[in-house]
Structure formats: C-alpha cells, structure tokens
Amino acid sequence: MHSQRALLLVLSIVLAAIAASVVWLLWARSRRKHVHFPVPPGAHIDTLIRSFAALTWGYLTDGNRVTVVQNSGFFDALLADVAGAQRSVHLETFLWQDGHVSDRVAATLADKAREGVAVRVLVDQRGAAKTSPRVWAQLRTAGCEFRVYHRMRLRELAWANNRDHRKIAVIDGRIGYTFGHGIADMWGASEHQPTGWRDTAARIEGPAVNHLQAAFLDNWVKVTREALIGDEYFPEPHRPGDTRVHVAWIAQPETISSVRRLYELAISAAKREIILQNPYFIPSQRAINLCAAAVARGVEIKLMLPTATTSDFAVVQHASHAHYGQLLAAGARIFEYTRSGIHQKVMIIDREWCTIGSTNFDPRSFNINDEISVAIYDAAIAQELAAEFETDLTGAEEWTLERFHGRTPWHRVVDAVSTIGKRQL
C-alpha cells in the first residue's frame with residue numbers, strides 16, 4: 001500500500017511537471033518581444049515613411065489613388081466595382097450574417113461567377129458560423145470558389161484560436177479595398193437599418209493593389225494550398241494618382257506583428273495630434289506609456305470609442321474603461337460615440353497621414369488574429385478623415401477624470417473583471 005501511494009505521488013508530480021512544461025512552452029511560443037522605436041526628433045514624415053514600410057515588412061508604393069468610403073456607402077461602391085469585373089473578384093472577410101446585405105452581396109457575386117468571372121470568397125469559420133448554408137450553396141452553385149478559414153475540425157484544432165479578421169477585396173487585380181465592415185445588416189443599407197454603424201473603408205487603385213492581392217493570397221494558399229500566378233492576378237501596375245501607400249499584414253514569430261508596429265510607430269512619430277477611432281481598445285501598458293510620452297512632447301491625443309451599450313461586445317468596452325484613468329491622467333481625451341455602433345479602425349497623425357484597415361487596438365488583433373492595415377501618406381485624405389471625426393464628435397460624450405473616478409462600485413467591479421481575459425479579447 002505504501003509503495004502504491006509513493007508511485008501515485010511520483011506519477012502526479014511527473015504529470016504536473018509535464019503539464020507545467022506544456023503551458024510554459026505554449027506561453028513562450030506565443031510571447032512577442034517588444035520593439036523600441038526611437039523616432040528621430042524633428043524628423044518629418046517624408047523622411048520616415050520608407051523606414052515605416054520596411055519595419056512592417058511592407059513596400060512603399062507611389063502613384064496610387066485612394067478614395068475614402070463611409071458607412072453603408074461601402075457596399076454600393078464595392079458591388080459597383082464587382083459588377084464591372086472582367087476577370088476575377090477576391091473577397092476576404094470575418095463576419096458574414098444572414099440578412100439584406102448578405103443577400104445583396106451574395107447575389108452580385110453569384111451573377112459574376114455565372115458570367116465566367118473567377119470569384120473567390122474566403123470567410124472565417126467563427127465569424128460566419130451563423131450564416132445559413134443556403135448562402136454558401138448559392139455561391140458554390142453559381143461557380144464561386146468559397147472557402148472557410150480554420151474550420152472547427154480535429155486536424156485544425158491547434159489553429160482554432162487564430163482567426164482571419166482581415167477585410168480585403170480585390171477586383172481584376174486593379175481595384176482594392178480594405179475596410180472595417182462585415183457582411184451584415186448592422187452596417188445598414190437595408191430598409192430596417194438605412195444608416196447603421198459608423199465605419200470606414202478605403203478604395204485603392206494603383207501599385208498598392210498588388211500588396212492587397214498578396215495579403216488575400218496569403219490566407220487563400222493556407223486554405224487551398226493553391227497559389228494564383230500571373231498577370232491576371234498581379235498586373236503591371238498603373239499609376240492613376242499621386243498618393244503613397246504601404247500595406248501592413250505580416251506577423252512573424254518572436255516579435256510584434258506588423259499592424260501593431262504600425263500603430264506604435266505612428267504614436268512614436270506624432271508631433272501635434274493623434275486621432276484614433278476604434279471599436280475595441282484595450283491598450284497594453286507599453287501603449288499607454290507611448291501615449292503618455294506623446295502628450296508630454298506636446299501631442300494632443302483624441303480617442304473615439306463606442307459606449308458599453310452600443311458596442312457589440314460590452315465586455316471589451318468595460319475592459320477598455322479600466323484603462324481610461326491612466327490615459328486621462330496623462331492628458332489624452334476620450335470620447336464615446338452614442339448615435340450607433342462605431343466600428344472603423346482609423347488613425348490620423350498630425351492630419352498629414354493616416355491608417356485604415358481591419359485592425360482593432362487590442363491584444364487579439366495584435367497577437368492572435370490575421371489583420372491588415374493600410375498606411376496612407378496623403379494630407380488631403382488625412383484631413384478628410386479628420387473632418388469626419390469632427391462631425392462624429394457632435395454625437396459623442398467626453399469622459400473626464402471626474403467621470404472615471406465617479407463610476408459606481410458595480411461599474412468598477414465589471415471593468416476590473418472584464419480585464420481578466422483581456423489577452424483573448
């Protein structure tokens with residue numbers, strides 16, 4: 001009996017050691033080492049942009065034309081371009097839900113496939129889990145290649161937490177979009193929700209479209225194991241404008257992702273003003289310190305986020321509330337948009353350049369999901385977005401330190417508890 005107990009004790013210790021080793025290895029594998037970005041003081045953005053592109057594993061392209069598309073107007077613009085497609089349509093998105101918007105997008109894609117245009121659609125399994133199978137059947141029957149990213153099956157179990165949150169559309173290799181929208185009715189453009197959530201997209205023509213295509217094919221190849229090669233997909237770039245653009249979408253092991261690097265480089269480089277509109281904002285202590293340092297050197301920081309009631313994930317907004325105190329004490333200004341959900345991922349630096357894409361300002365976007373952000377070096381575009389921000393301010397409420405400290409005890413508890421799982425939010 002004594003020897004059996006001793007054996008059980010030894011086995012328990014061994015199993016505990018193995019479990020601890022596995023947990024440590026998983027943590028070490030997912031850990032991302034910080035990168036310091038000592039932007040030269042006084043350096044103008046024109047002298048920094050090639051460094052920014054290189055440090056985010058991107059390429060600076062010139063000669064692009066960028067058009068900002070707001071709110072449900074995105075669907076009008078996108079589907080008009082899809083209707084004019086001659087060779088290929090590629091669409092990658094996270095959220096797809098049944099409804100008017102879904103029906104409209106699916107019908108247009110199906111029509112083009114029946115015309116002989118190569119239509120490829122990639123959706124995330126988790127984001128499209130509630131979509132009716134009839135939608136996918138409609139696309140496949142019409143001839144679309146429809147694929148699901150990281151399906152919930154045993155052989156993909158190790159990747160179950162890695163989601164495809166990129167939002168990309170490429171038409172004929174010549175027109176590209178990145179956006180925050182999902183294919184769902186909460187973005188409007190339907191009889192019951194004519195306006196819908198606030199969101200922002202960028203329509204791009206020019207050399208940068210090749211890089212949007214490369215980002216789409218990154219995940220398409222993972223799912224299909226088929227690369228698409230040739231001028232049909234990567235045509236010789238034309239140069240319809242004069243806007244410089246670079247695309248960030250790569251994540252490497254052992255270091256922070258390109259999209260996180262882009263955000264941190266932007267904060268580090270700002271001289272006068274940072275405007276950030278984002279639906280999910282859970283900053284790390286490093287990000288808070290970067291913001292505080294920016295304020296200390298004279299930068300005005302304005303954040304616009306949803307309220308806990310307008311956010312589709314209230315827990316994320318409560319986790320965000322827990323960080324308001326440090327930011328407000330440092331001198332940042334925080335506004336919560338009250339008119340509807342707010343979902344754009346827009347950052348404007350000094351009203352000289354900006355970023356638009358799918359990337360939320362939270363640990364999941366920075367460390368787990370596949371994301372994309374486009375840096376647009378064009379003062380006119382930045383000022384256009386800043387003007388939209390000023391309009392949004394008329395429908396927003398500002399938080400102050402007094403309001404933060406005046407939260408009810410229950411609000412404080414909810415905020416604190418919400419931060420427990422913030423690494424996964």
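Residues numbered from 1 in each chain as written. Predicted model: local features only at pLDDT ≥ 70, side-chain atom pairs only at ≥ 80, totals over all residues. Heavy atoms only, no water.

Enquirer: Teacher, can you tell me more about the pattern of salt bridges here?
Expert: A side chain with one charge may pair with a side chain of the opposite charge, provided their charged atoms come close. Counting across every chain of the model gives 25 salt bridges. Of the charged contacts, one joins Arg244 and Asp46 as a salt bridge, the two residues approaching to 2.8 Å between their closest N and O atoms. One end of the pair, Arg244, is in strand E8 (residues 243–248); the other, Asp46, is in the loop between helix H1 (2–30) and helix H2 (49–55), and 198 residues separate them in sequence. Ionic pairing is found between Glu300 and Arg333, a salt bridge with its closest N-O pair at 3.7 Å. Remark: Arg333 occurs in strand E11 (residues 333–337) and Glu300 occurs in strand E10 (residues 300–306); sequence separation between them is 33 residues. Its relative accessible area of 35% is what places Glu300 among the partly exposed residues. Among the ionic contacts, a cluster of salt bridges with common partners joins Glu273, Glu300, Lys302, Arg333, Arg351, Glu390 and Glu398. (Salt bridge = Lys/Arg side-chain N within 4 Å of Asp/Glu carboxyl O. Helix = DSSP H or I, 4+ residues; strand = E, 2+ residues; numbered from the N terminus. Buried < 20%, exposed > 50% of the residue type's maximum accessible area, 1.4 Å probe, protein only.)

Enquirer: Looking at this structure, I do not really get the pairing of strand E4 (residues 145–149). What am I missing?
Expert: Within a regular beta strand, the side chains point alternately toward one face of the sheet and then the other, so they alternate between its two faces. The sheet contact formed by strand E3 (residues 118–124) and E4 spans five bridges and is parallel. By the bridge assignment for E4, Val121 is matched with Phe146. Each parallel crossover has a hand, and the one from E3 via helix H5 (residues 133–142) to E4 is right-handed. (Pairing = 2+ DSSP bridges. Right-handed = clockwise from strand over helix to strand, strands pointing away.)

Enquirer: Any chance you could explain the side chain of Lys345 here in plain terms?
Expert: Among the structural elements, Lys345 can be located in the loop between E11 and strand E12 (346–349). Although buried, Lys345 forms no salt bridge, and the nearest oppositely charged side chain, Asp199, lies 6.0 Å from it. One polar contact links the side chain of Lys345 to the main-chain carbonyl oxygen of His343, over a distance of 3.3 Å. A polar atom in the side chain of Lys345 sits 2.6 Å from the side chain of Asn360. Those residues in contact with Lys345 that sit more than four places away from it in its chain are His165, Gly180, Tyr263, Gln277, Asn278, Pro279, Thr355, Ile356, Gly357, Ser358, Thr359 and Asn360. (Lys, Arg positive; Asp, Glu negative; His and termini not counted. Polar contact = N/O pair within 3.5 Å; in protein donor to acceptor, adjacent residues only side chain to side chain. Contact = heavy atoms within 4.5 Å.)

Enquirer: What am I meant to see in unusual backbone geometry here?
Expert: In terms of backbone geometry, most residues other than glycine have negative phi values and most peptide bonds are trans. Within the chain, Asn71 stands out as a residue other than glycine whose phi angle is a positive 55°. Relative to the helices and strands, Asn71 is located in the loop between strand E1 (61–70) and helix H3 (73–83). The class of Asn71 is partly exposed, set by a relative accessible area of 24%.

Enquirer: Is there a simple way to explain the pairing of E10 in this structure?
Expert: With respect to burial, E10 is a largely interior element, six of its seven residues being buried. Where strand E9 (residues 273–277) and E10 come together, five bridges link them in parallel fashion. The residue of E10 that forms the bridge with Ile275 is Lys302. With five bridges joining them, E10 and E11 adopt parallel strand pairing. When the bridges of E11 are listed, Leu303 appears paired with Ile334. What joins E10 to E11 is helix H9 (residues 314–330), and the crossover it makes is right-handed.

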